[in-house]
Each structure stands twice: as C-alpha cells, then as structure tokens.
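An overview of the molecular structure
Chain by chain, the residues:
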Amino acid sequence: MTRFFNSIAALPLLAIAACGNPASDSSAARDHILATGSSTVYPFTTAVSEQFAAKNAQFKAPTVESTGTGPGIKQFCSGVGARFPDIADASRRMKRSEYDTCAANGVKDVVEIQIGIDGVAFAESNSGPKLALTVADVYRALAANPFGKPQTAKTWRDVDPALPAIPIKVYGPPSTSGTRDALAELILTKGCDTDPAMAALKAKDDAAHKQTCTAIREDGAYVDSGENDNLIVQKLEGDPNAVGIFGYSFLAENAGRLHGVPFSGIGPTAAAIADFTYPGARPLFIYVKAAHLNAIPGLRAFVAEYVSAWGPGGYLEKRGLIVASDAVRAASAATAKAMTAIDPTKLK
C-alpha cells in the first residue's frame, strides 16, 4: 500500500488542490495529513500521528489541531482540496445539518468511524469538597432558567440542602465544543426531564423544551474555559472548591491531582463509561474525507494505524480511551477498511 501511494502521490496532490470547491487554493498542494476538531479526541489522534510517523518514514508527519468538534467539522465540510482537512475529530456524532453543509460544498463521501468511548467527566481537585451530585443537581445549578424559572442558586446548598454551602463555580467547555453538546444532551436534559412538566413541554413545544433544558447560565457560575482541557485541570488546582468538565482521558491522566464527581453514586470510571451506566458516557468518532484518500499520502495507512491501536491493551487505552465493545470495534474496522460512506438518513 505504501509503494502504491508513493507512485501516485504527485499527480493526485496537484489534482486535489484544484478540485471540488471553487474556493480551493490550486497553488497549495499538501503532502501530509491534516486532522482537526475535538480537544477530547486530540490526544488520541496525536498519539496515532506519533506512531504513524515513527513507523512510516516515507510519509511526512501529520498535522493535528485542537479546535473543538463544531469548528473542526465546519472546516472539514468547507470543501474538497488541499486547503481543507482530511480528518475531523469529533466527541459527538456529526449532525445532519453539518452533513448537508458538507454535501453542499462537494464533500459527499464522508466516512464515519467510531474510535472508542469517552465520558463527560465532572472533576474536583483532590483537596476539594468531594461533591456527590445527581443530574438534576447539575441542571438546577447550571441552567439559565431551571424548569422555566429564574436562576437564583448561588451555592450548591441552594440546589440541594444536603450539599455544602460553597459557591457554584464550574469550569467547562465552550458552546463550539462537542463536550458542551454532550453535557447538554446527556446531563442537563436528563436533569431537566426529572420534572414531569418538562416532558409535557417537549410534547407541546420541542424548541422551548430544548431552550429550557440546555441553555446555560451566563452570570459567572459557569466559566467558559475554551478548548484547552489542560487549562481546566490547572484552574481546579488553584480553585479547590470549583468543578471542572472535560473528557475522561484528562481525568485519568491527572488522577494524582483530581478525582471524579459521582452522579447518583456512579463515578466517571473506565468500567462505568464502558457499560454506559455512567450518564455522561458517549462515543467518539473520526470523520474521513473519501475524496482525499488517493491524494493525501498515507491517509489510508493512518486510518489503519488508528484501527490497530484502539483495542484492549492498545496504546490508546493507555492514553485514556475507553475501549468500545467487540461488535463496535469490528464494525468500525470494516468501515475503515472499505471506507464506506455514512448514510446521512441516520444522522439527526
């Protein structure tokens, strides 16, 4: 396969720079892989990039960027050609609206590959108050208008009398992040729907339900901390009463400094995420642009390296990736080998 890429690389590189989207820069052919997107997936794609470069000296090292899932998919879907990424890292599934943007820009064969599982982890400094929360507690603490009422909670005790009287301070991902989307879907909405009136609202007005359940307060209790999850880790050490939100791998990497906050007694552990008993568990993906497969040297080999690394005992598990089930891994490997395009009707 590598001999094949070397023999054909020059011509397709010139071709891809001019094809697809009219905005493509035909003077800027690219001879290395470009991946962008999720800060949660970034450490895993970086690890694969390092191994790929070490094993394949005939290819240039890939460039991996951490921009957030939303911006990464937006760049990926902006067109075909050397200006646009080959891979989008995503900590949530691509939305149908994003796929439609891809198609409108000539990106029609998008390959979706689940690489493993992650959890939206809530964490504290090891010198923190050791909170024990429910999804309803988090919703009441962070919602702009919990259950449609004004947000008045200043301390965790205002949320639940059993919690400590310390100010609510949560460092979390920005609105462009897939982790923020997962927080809204997996934690906030579940907390919101503990009120039967919210289920009735959803049946009556889905848009109003979504706004009520997922809009986050903007009075300083929730601090948008950008796409740098390591920065949240640092902030927790300097602010031991605060809570941070990021992917499980960052919690696992900093286990000596942080501990997870449990929901209804279930902590963000590898086992609880793997079997989805932890409410913040979610799949992780990479999206590959099929139109670039024969033009960007080593792209197929890079995806094959990902497949070789995501199983039990692999180096991605050691980096904090939760291994997906045998069935999911088998299906993902088959998709990666055949480069089967996603069926857009399955996207929401």
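Before any of the text, the structure's been laid out above.
Here's a quick rundown of the structure. Bear in mind that the values here come from a model prediction, so they are computed numbers and not experimental data.

Moving on: the side chain of Asp 229. Looking at where Asp 229 falls in the secondary structure, it is placed in helix α11 (residues 229-238). In this structure Asp 229 is buried but unpaired, with Arg 282 as the nearest side chain of opposite charge at 6.8 Å. For Asp 229, the side chain forms a polar contact with the side chain of Ser 39, separated by 3.3 Å. Apart from residues no more than four positions distant in its own chain, Asp 229 is found in contact with Ser 39, Thr 40, Phe 246, Gly 247 and Phe 250.

With that out of the way, let us pick up the pattern of salt bridges. For the coordinates displayed, the defined rule picks out 15 salt bridges. Here Asp 137 makes a salt bridge to Arg 140, at a shortest N to O gap of 3.7 Å. Of this pair, Asp 137 and Arg 140 both sit in helix α6 (residues 135-142), three residues apart, which is roughly one turn of the helix. Looking at Asp 137, the relative accessible area reads 3%, which means it is buried. On the basis of relative accessible area, Arg 140 is assigned to the partly exposed category, the value being 31%. A cluster of three or more residues bridged by salt bridges with shared partners is formed by Arg 92, Glu 98 and Asp 181.

Bringing the state of the cysteines into the picture now. All told, the structure shown has two disulfides when counted by the stated rule. In this model Cys 77 forms its disulfide with Cys 102; the gap between the sulfur atoms is 2.0 Å. On the sign convention where negative means left-handed, the S-S torsion of about -75° between Cys 77 and Cys 102 marks this disulfide as left-handed. Of this pair, Cys 77 sits in the loop between α4 (69-76) and β3 (87-90) while Cys 102 is found in helix α5 (residues 96-104), placing the two residues 25 residues apart along the sequence. Owing to a relative accessible area of 1%, Cys 77 belongs among the buried residues under this scheme. Residue classification places Cys 102 among the buried residues on the basis of a relative accessible area of 0%. The residue that forms a disulfide with Cys 192 is Cys 213, at a sulfur-sulfur distance of 2.0 Å.

Attention now moves to α11. Residues of α11 that are buried include every one of Asp 229, Ile 232, Val 233 and Leu 236, and no others. Taken around the axis of α11, the buried residues stretch over an arc of 105°, which confines them to a single face. Turned more than 90 degrees away from the buried face of α11, the exposed residues are Gln 234 and Gly 238. At its buried positions, α11 is contacted by β4 (110-125), β5 (170-172), β7 (243-247), α12 (248-253) and β8 (258-260). Between a side-chain oxygen at the N-terminus of α11 and the backbone nitrogen of Asn 230 the separation is 3.1 Å; the capping residue is Asn 228.

Here the focus is the nonpolar core. One finds Phe 122, Trp 156, Ile 168 and Phe 246 to be the most contacted residues of the largest nonpolar core, which totals 53 residues. Sorting elements by how many residues they give to this core places helix α8 (residues 178-192) first, with six residues. Counting residues in hydrophobic clusters, the runner-up holds 28 residues, among them Ile 115, Phe 302, Trp 310 and Leu 321.

Parameters at a glance
Residues numbered from 1 in each chain as written. Predicted model: local features only at pLDDT ≥ 70, side-chain atom pairs only at ≥ 80, totals over all residues. Heavy atoms only, no water. Helix = DSSP H or I, 4+ residues; strand = E, 2+ residues; numbered from the N terminus. Buried < 20%, exposed > 50% of the residue type's maximum accessible area, 1.4 Å probe, protein only. Lys, Arg positive; Asp, Glu negative; His and termini not counted. Salt bridge = Lys/Arg side-chain N within 4 Å of Asp/Glu carboxyl O. Polar contact = N/O pair within 3.5 Å; in protein donor to acceptor, adjacent residues only side chain to side chain. Contact = heavy atoms within 4.5 Å. Disulfide = S-S within 2.5 Å. Arc of directions from axis to C-beta. Core = buried A, V, L, I, M, F, W, Y, C linked by side-chain atoms within 4.5 Å.

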